[in-house]
Amino acid sequence: MAITYLLQSFGAVLSPMNLAVLLISTFTGLVMGMLPGLSATMAVALLTGLTYSLSPTSAIISLIGVYVGAISGGCQAAILLNIPGTPASAATALDGFPLAKQGKGGLAVFLATTASCIGTLISVICVLAFTPLLTKLSLQFGSWEFFLLSLFGVVICGNLTSKGNAVKGWISGIIGLLVAQVGLDQVDAFPRFAFGNVNVMAGLALIPIMIGLFGFPEIIKAFKKTEEHVLKISKFKVSEGFTYIRQNTVALIRSSLIGVCVGIIPGVGEDVGGWLSYWATKSSSKDPEKFGTGEMSGVISAEAGNNSCIGGAIIPILSLAVPGSAPAAVLLAAFMMHGYRPGPLLMNESPEFLYMVCVDLFMAAVAMWMIAQLVAKFSVKILGVKKEILMPIIYVLCIVGSYVINHLMFDVKVMFFFGIVGFFLSMMEFPAAPFLLGVILGSMTDSNLRRALTISEGSFMPMFQRPICLVFLVAILALILSQFGVFEKLKRKKV
Amino acid sequence: MEAKKKLQDFLSSIVVFAVSIFILVESYKIYLKAGKVFYLSAAFVPVLLGALLLVLSVVLFLGSIKEGGVSARTTEFQEVWQAMVKDNNSLRMLTGLIMMAIYTFVLLEILPFWLATFLFMFLLMFFLDAGSITKILIITAVMDGLIVFLFQVCFRVPLP
């Protein structure tokens with residue numbers, strides 16, 4: 001059956017219309033990823049509105065194409081400008097830029113895009129292998145488990161994205177959970193925080209919030225005057241590039257697997273995947289001091305790690321309807337907008353969807369690699385576009401992207417409001433990812449907790465009597481205690 | 001760098017504290033209006049989240065005043081504020097933000113989308129000194145036309 005689904009999916013992607021959609025969207029993603037300030041989340045969110053009139057199959061192909069393209073495209077700016085095109089490519093800049101300064105920019109871009117492609121392909125295998133397993137496990141989940149899963153997601157996302165102060169990540173996540181409480185509640189349809197406004201009573205749409213949180217702050221920040229110098233793409237031998245890839249096979253596979261694992265963790269995105277993979281390769285290297293001075297394996301690891309997160313982030317979407325990263329959250333919203341219902345029942349209701357997503361990912365990775373090689377010569381020109389020209393256009397696209405979901409100016413105003421919120425979060429160094437995850441998981445948290453309490457007549461005891469709940473509780477407790485140095489104190493006491 | 005972080009934490013903890021109080025008060029009103037047992041009420045989760053937010057804001061605040069106390073943070077804030085007011089980049093960001101607000105809340109409400117967008121892009125690019133007037137005019141006209149053509153004609157998506 002799986003083979004049939006795979007063949008059907010390949011047939012669908014290879015139809016002339018869908019192939020054109022794939023190439024255009026992957027190219028668009030690459031360009032958006034290349035341009036500093038346009039993150040992958042923003043790219044997918046903006047394009048979601050544009051796919052409104054496409055068939056669901058074409059829409060999913062285009063969104064996955066943009067996602068893969070944008071994550072990979074970020075490496076070009078990281079290597080040639082020393083400014084990551086997307087946060088996912090931050091680790092790539094460490095060795096990519098020194099390589100470009102040594103006149104090996106072309107080779108570095110080739111290695112980065114090839115590693116990105118291979119990383120994505122490895123993640124496709126993981127999606128195929130792990131999604132059915134996780135889906136089976138998720139069928140064991142009841143209301144208590146889903147409640148704790150959402151809490152676990154916010155806590156771990158807060159821990160991993162807050163750069164040292166997890167309290168800020170948790171605050172961000174809790175505010176996100178609160179935003180999701182706005183509007184009629186799912187159990188009693190009782191209006192909360194609506195203040196008599198009919199539009200607010202309907203709840204706040206996800207896409208405008210995402211565009212505001214991730215796009216708006218970048219636009220405002222780009223108004224600052226800065227000087228950027230683009231290094232040129234140098235010529236290189238493709239065979240030399242493949243030799244480096246072959247020499248770094250172990251690092252490539254290890255980074256891809258790290259990326260997949262990071263991707264599976266709710267809300268923790270491609271940037272963490274890139275950093276962890278880079279760190280793992282540096283730690284296991286015989287010459288760690290070479291890292292940061294133009295080490296090929298650094299570029300390869302970072303890019304394989306961030307791109308394989310894409311597949312990893314899709315696994316919890318398909319099996320639990322919980323996004324693994326911020327761009328994946330937009331993807332989840334887009335899946336729902338186009339009539340798909342990811343979650344525990346997916347493998348029973350529409351098993352072909354898993355294979356369709358995998359084939360789309362596979363094709364997007366291949367298309368991305370080919371397009372990246374073709375456009376590499378023009379990268380310098382694309383990167384040379386002034387942000388003073390780009391950002392006003394991007395803001396107009398933010399307006400359009402927010403409006404087209406429900407055709408409401410109210411959504412545009414929501415985007416603006418959350419843009420201001422996102423800007424202040426960014427200024428105060430609060431991570432936006434837990435906020436977004438909170439918004440997505442908020443209704444799950446509320447409805448499942450209250451449903452569980454209704455069944456248990458107000459008792460929290462069942463939460464401590466279910467094995468999966470206990471695993472989540474221990475994990476949440478460990479994550480919280482680890483941030484307050486409890487384990488270190490215990491270790492010291494033992495010594 | 002550490003001082004900057006402390007100041008950020010100090011300021012944000014005050015804002016978060018105020019937000020959490022607001023949430024708790026509003027949730028209490030919801031609880032009264034809903035008239036249900038607390039754990040079944042629509043206010044239950046907002047109260048839990050508001051309380052958590054309150055606790056975390058206090059933790060953040062206490063961490064921020066560990067070295068120097070409130071007076072040190074207040075002095076730092078005054079210094080940062082004065083530097084920010086004099087900074088050209090802050091002015092550029094604020095002006096850009098105001099232009100975006102005017103476009104969103106005024107121009108789009110009273111003018112057709114293409115005209116509002118043309119005016120906004122032209123004025124913002126001009127303010128940001130993106131190039132000569134002719135260059136800005138051409139880019140604005142082409143991009144405006146392209147957005148309208150792509151969304152309304154090609155994808156048949158209605159625009160604001």
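All figures in this text were calculated on a predicted structure; none of them were measured in a lab. Sequence positions are assigned chain by chain, starting from 1 and proceeding in written order. The order in which chains are written sets their letters, starting at A; the order in which ligands are written sets their numbers, starting at 1. In keeping with the predicted nature of the model, local features appear solely for residues at pLDDT of at least 70, side-chain atom pairs appear and are counted solely at 80 or more, and the whole-chain, interface and lining totals rest on all residues. For the side-chain quantities, the full set of heavy atoms in the structure was used; hydrogens and water were omitted.

Looking at the overall build of chain A
Then comes step 1: Looking only at helices and strands, one finds 24 helices and two strands in chain A.
Then comes step 2: Atoms counted for the radius of gyration: C-alpha only. Globule rule: 2.2 Å times the number of residues to the power 0.38. Taken over C-alpha atoms, the radius of gyration comes to 22 Å for chain A, in line with the 23 Å a tight globule of 495 residues would show.
Then comes step 3: Along the longest, intermediate and shortest principal axes, the C-alpha atoms of chain A span 70 × 65 × 55 Å.
Then comes step 4: Partly exposed describes any residue whose relative accessible area lies between the buried limit of under 20% and the exposed limit of over 50%, with all areas from a 1.4 Å probe on protein chains only and scaled to the type maximum. For chain A, buried positions account for 62% of its 495 residues.
Then comes step 5: When contacts within chain A are restricted to residue pairs at least 6 apart in sequence, those whose partners lie at least 24 apart make up 80%. The way it works is that DSSP assigns letters per residue, a run of H or I at least four long becomes a helix, a run of E at least two long becomes a strand, and they are numbered from the N terminus. Whether two residues are in contact is decided by their heavy atoms, any of which lying within 4.5 Å being enough.

Examining the overall build of chain B
Then comes step 1: Secondary structure summary: chain B contains six helices and zero strands in total.
Then comes step 2: Secondary structure of chain B in N-to-C order comes out as α-α-α-α-α-α.
Then comes step 3: For 160 residues, the compact-globule estimate of 2.2 N^0.38 gives 15 Å, and the C-alpha radius of gyration of chain B, at 24 Å, exceeds that figure by more than 25%.
Then comes step 4: With the principal axes as the frame, chain B shows a C-alpha extent of 60 × 50 × 25 Å.

As for the nonpolar core
Soluble globular proteins tend to pack their nonpolar side chains together in the buried interior.
Then comes step 1: The biggest cluster of nonpolar side chains holds 204 residues, and the ones touching the most others in it are Tyr395 of chain A together with Tyr103 of chain B.
Then comes step 2: A per-element tally of this core places helix H18 (residues 352-375) of chain A first, with 16 residues.
Then comes step 3: Boundaries of every domain are those given by an automatic assignment or by a domain database. Residue-level mapping places this core at the junction of two domains, with at least three residues from each of domain 1 (1-86) and domain 2 (87-160) of chain B.
Then comes step 4: Contact partners of tyrosine 103 of chain B, with chain neighbours within four places excluded, come to Tyr395, Val396 and Ile399 of chain A together with Leu108, Phe113, Ala116, Thr117 and Phe120 of chain B. Here, nonpolar core refers to any group of buried Ala, Val, Leu, Ile, Met, Phe, Trp, Tyr and Cys residues whose side-chain atoms link them within 4.5 Å.

Digging into the packing of aromatic side chains
All names here are of chain A.
Then comes step 1: The criterion for an aromatic pair is that two Phe, Tyr or Trp rings (for Trp, the six-membered ring) have centres within 6.5 Å, with stacked assigned to planes under 30 degrees apart, edge-to-face to planes over 60 apart and tilted to the rest. Under the criterion given, the structure shown has 30 aromatic pairs over all chains.
Then comes step 2: Taking the centre distance of 5.9 Å and the plane angle of 80 degrees together, the rings of phenylalanine 10 and phenylalanine 362 count as edge-to-face. Pair noted here: phenylalanine 10 is in helix H1 (residues 2-13) and phenylalanine 362 is in helix H18, with a separation of 352 residues, a long-range link.
Then comes step 3: When the centroid spacing of 5.4 Å and the interplanar angle of 70 degrees are considered together, the rings of phenylalanine 141 and phenylalanine 146 count as edge-to-face. Each member of the pair, phenylalanine 141 as well as phenylalanine 146, is classed as buried.
Then comes step 4: For lysine 168, the ring lying beneath its charged end belongs to phenylalanine 430, and the centroid distance is 5.2 Å. Counting as a charge over the ring demands two things of the Lys NZ or Arg CZ atom: a distance within 6 Å of the ring centre and an angle within 35 degrees of the ring normal.

Side note on the domain arrangement of chain B
Then comes step 1: On domain assignment, one finds that chain B holds domain 1 (1-86) and domain 2 (87-160).
Then comes step 2: Domain 1 of chain B and domain 2 of chain B are separated by 36 Å when their C-alpha centres are compared.

Some thoughts on the interface of chain A and chain B
Then comes step 1: Counting from both sides, the interface comprises 59 residues of chain A and, opposite them, 62 residues of chain B.
Then comes step 2: Of the roughly 5,600 Å² buried at the junction of chain A and chain B (both faces included), carbon and sulfur atoms supply 80%.
Then comes step 3: Reported buried area values correspond to the accessible surface (1.4 Å probe) lost by two parts on association, with both partners' losses combined. For the chain A face of the interface with chain B, the top three residues by lost area are Leu50, Phe193 and Phe223 of chain A, together amounting to 12%.
Then comes step 4: By definition here, a salt bridge exists when the distance from a side-chain nitrogen of Lys or Arg to a carboxyl oxygen of Asp or Glu is within 4 Å. At the surface where chain A touches chain B, the tally comes to three salt bridges.
Then comes step 5: The shortest N-O distance in the salt bridge between glutamate 109 of chain B and lysine 413 of chain A comes to 2.8 Å.
Then comes step 6: Polar contacts here mean pairs of N or O atoms no more than 3.5 Å apart (in protein, one a potential hydrogen donor and the other a potential acceptor; neighbouring residues in sequence count only if both atoms are side-chain atoms). Counting across the chain A and chain B interface gives eleven residue pairs in polar contact (both at pLDDT 80 or more).
Then comes step 7: Here the side of chain A that touches chain B takes eleven residues from helix H20 (residues 387-406) of chain A, the largest share from any one element.
Then comes step 8: Tallied by class, the residues present in the side of chain A that touches chain B amount to 38 nonpolar, seven polar and 14 charged. Basically, the charged four are Asp, Glu, Lys and Arg, the nonpolar ten are Ala, Val, Leu, Ile, Met, Phe, Trp, Tyr, Cys and Pro, and anything else, Gly included, counts as polar.

Here we look at the confidence of the model for chain B
Then comes step 1: Along the chain, pLDDT gives the predictor's confidence residue by residue, from 0 to 100. The predicted model of chain B averages 90 in pLDDT, with 99% of residues at 70 or higher.
Then comes step 2: Overall fold confidence (pTM) sits at 0.83, and the ipTM for the predicted complex is 0.93.

Observations concerning the pattern of salt bridges
Then comes step 1: Tallied over the full model, the rule gives 13 salt bridges over all chains.
Then comes step 2: Residues glutamate 26 of chain B and lysine 29 of chain B are paired through a salt bridge, measuring 3.3 Å at the closest nitrogen-oxygen approach. Highlighted residues: glutamate 26 of chain B and lysine 29 of chain B, both in helix H1 (residues 2-34), separated by three residues, approximately one helical turn.
Then comes step 3: Where salt bridges share partners, they join Asp185, Asp188, Arg192, Asp446 and Arg450 of chain A together with Lys36 of chain B into one cluster.

Examining helix H15 (residues 296-320) of chain A
Residues and elements named next belong to chain A.
Then comes step 1: For H15, built from 25 residues, the straight-helix expectation of 36 Å at 1.5 Å per residue is met to within 8% by its first-to-last C-alpha distance of 37 Å.
Then comes step 2: Fitting axes to the seven residues that end at a residue and to the seven that start at it, the angle between those axes gives the bend at that residue. The largest bend in H15 comes to about 25 degrees, at cysteine 309.
Then comes step 3: Taken across its 25 residues, H15 has 25 buried, putting it largely inside the fold.
Then comes step 4: Immediately downstream of H15, the backbone of alanine 321 shows phi near 60 degrees, a positive value. Working rule for helices: expected span equals 1.5 Å times residues minus one.

As for the layout of surface pockets
Residues and elements named next belong to chain A.
Then comes step 1: For cavity detection a 1 Å grid was placed over the protein atoms alone, and a set of points counts as a cavity when a 1.4 Å probe fits there but cannot get out; an open set counts as a pocket when protein lies on both sides within 12 Å along at least five of seven lines, with lining residues being those that have an atom within 4 Å of a point. Grid points are joined across faces, edges and corners, and a volume is the space filled by probe spheres set on the points. Considered as a void within the structure, the second largest pocket measures approximately 1,200 Å³ in volume.
Then comes step 2: Lining the second largest pocket are 47 residues, and of these Gln186, Met336, Val439, Ile440 and Ser443 sit closest to its centre.
Then comes step 3: Those elements that place two or more of their residues in the lining of the second largest pocket are strand S1 (183-184), helix H9 (198-201), helix H10 (206-214), helix H16 (326-337), H20, helix H21 (409-427) and helix H22 (432-455).
Then comes step 4: The element contributing the most residues to the lining of the second largest pocket is H22, with nine residues.
Then comes step 5: By residue class, the composition of the lining of the second largest pocket is 30 nonpolar, eleven polar and six charged.

As for unusual backbone geometry
Then comes step 1: For glutamate 429 of chain A, which is not a glycine, the phi torsion comes out positive at approximately 60 degrees.
Then comes step 2: Here glutamate 429 of chain A shows up in the loop between H21 and H22.
Then comes step 3: Owing to a relative accessible area of 31%, glutamate 429 of chain A belongs among the partly exposed residues under this scheme.
Then comes step 4: Residue aspartate 129 of chain B is not a glycine yet carries a positive backbone phi of 60 degrees.
Then comes step 5: Among the secondary structure elements, aspartate 129 of chain B is positioned in the loop between helix H5 (113-127) and helix H6 (133-154).

Quick look at the environment of valine 250 of chain A
Then comes step 1: Mapping valine 250 of chain A onto the fold places it in helix H13 (residues 249-264).
Then comes step 2: Linking valine 250 of chain A and serine 301 of chain A, residues 51 residues apart in sequence, is a C-alpha distance of 9.7 Å.

Things to note about the packing of helix H6 (residues 105-138) of chain A against H18 of chain A
Residue and element names in this part refer to chain A.
Then comes step 1: Simply put, an axis is a line fit to the C-alpha atoms, just over the touching stretch for a helix, and the angle between two N-to-C directions goes from 0 to 180 degrees. At a minimum axis separation of 9 Å, H6 and H18 run at an interaxial angle of 175 degrees. Compared by their axis directions, H6 and H18 come out roughly antiparallel. For the pair formed by H6 and H18, the contact residues are Phe110, Thr113, Thr114, Ser116, Cys117, Thr120, Leu121, Val124, Val127, Leu128, Thr131 and Pro132 on the first element and Leu354, Tyr355, Cys358, Leu361, Phe362, Ala365, Val366, Met368, Trp369, Ala372 and Gln373 on the second.
Then comes step 2: Classifying every residue of the contact of H6 with H18 by side-chain character gives 17 nonpolar, six polar and no charged. Roughly parallel refers to an angle under 35 degrees, roughly antiparallel to one over 145, roughly perpendicular to one between 65 and 115, and oblique to any angle outside these ranges.

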